[in-house]
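Listed below, chain by chain, are the residues.
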Amino acid sequence: MNVLSDLDESQQALLQGAATDITLQRGDVLIRRGEPGGDIFLLTSGQLEVVDSRATPEVILTVLEPGAVVGEMAFVDSSPRSADVRACTDATVRRWGQRDLHKLLRAHPAIGSRFFEGVARLAS
């Protein structure tokens, strides 16, 4: 399940059109703990690992598979990133910038309500 699953095809197309794809090589860092949050990411291929780099040795908290959403809480409340996220294989993620995505969701309330319901489900 991801934040797009409750949208119809035209809504998904509109949301997808607002995103950019990022290609990561194994070991590339997508998110660093403590950095300002805001952008939200959808893993479309490969795997990402969520890492607690405060520990020595570092601790891999989880490995994310395609369909996983990253950064949803920082998107909602603009909080700093809570962990590092890096590619553990070559990966592709879809990125929505916070400002642009908020603007799109305000302009299309039906998409906005379903999108935030999906984010709420992920967060709970």
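Before any of the text, the structure's been laid out above.
Note that the structure is a prediction, hence the values are computed from the model and not measured.

Conventions used here
Going along each chain's sequence as written, the residues are numbered from 1 onward. Whole-chain, interface and lining totals are the exception, using all residues; otherwise, since this is a predicted model, local features are given only for residues with pLDDT of at least 70 and side-chain atom pairs are given and counted only at 80 or more. The basis for the side-chain values is all heavy atoms of the structure; hydrogens and waters are excluded. Every axis in this analysis is a line fitted to C-alpha atoms, fitted for helices over the stretch in contact. Angles between the N-to-C directions lie between 0 and 180 degrees. Only DSSP runs of H or I covering at least 4 residues are called helices, and only runs of E covering at least 2 are called strands; the numbering of each starts at the N terminus. The scheme is simple: roughly parallel for angles under 35 degrees, roughly antiparallel for over 145, roughly perpendicular for 65 to 115, oblique for anything else. Whether two residues touch is decided by their heavy atoms; if any such pair falls within 4.5 Å, the residues are in contact. Lining residues are those with an atom within 4 Å of a point, where the points come from a 1 Å grid over the protein atoms alone and group into cavities, where a 1.4 Å probe fits but cannot get out, or pockets, open sets with protein on both sides within 12 Å along at least five of seven lines. Grid points are joined across faces, edges and corners, and a volume is the space filled by probe spheres set on the points. Residues are grouped as follows: Ala, Val, Leu, Ile, Met, Phe, Trp, Tyr, Cys and Pro are nonpolar; Asp, Glu, Lys and Arg are charged; every other residue, Gly included, is polar. Whether two strands pair comes down to DSSP finding at least two bridges between them.

Student: I'd like a rundown of the packing of helix α3 (residues 98–107) against helix α4 (residues 109–123), residues and numbers included.
Tutor: Between α3 and α4, the least distance of the axes is 5 Å, while the angle of their chain directions is 120 degrees. What the angle tells us is that α3 and α4 run oblique. Across from Leu101, His102, Leu105, Arg106 and Ala107 in α3, the residues of α4 making contact are Pro109, Ile111, Gly112, Phe115 and Phe116.

Student: Account for the layout of surface pockets, naming residues and giving values.
Tutor: The space that makes up the largest pocket amounts to roughly 290 Å³. Considering the residues around the largest pocket, the lining is formed by 16 residues, among which Val70, Gly71, Glu72, Ser82 and Val85 are closest to the centre. Among the elements of the structure, β6 (69–70) and α2 (72–77) are those that each provide at least two residues to the lining of the largest pocket. Examining the composition of the lining of the largest pocket, we find that three residues originate from one element, α2, more than from any other. Here the lining of the largest pocket is built from residues that sort into 11 nonpolar, three polar and two charged.

Student: Which residues make up the sheet that holds strand β2 (residues 29–31), and what are the values?
Tutor: Pairing is antiparallel in the open sheet, where four strands are placed in the order β2-β7-β4-β5. Only two strands of the sheet have a single neighbouring strand rather than two, namely β2 and β5 (59–64). This sheet shows a mean twist of 30 degrees between the axes of neighbouring strands, independent of strand direction. Two strands pair when backbone bridges link them, and strand β4 (residues 48–52) and β5 are joined in this way by five bridges, in the antiparallel orientation. Pairing of Val50 across the sheet is with Thr62, part of β5.

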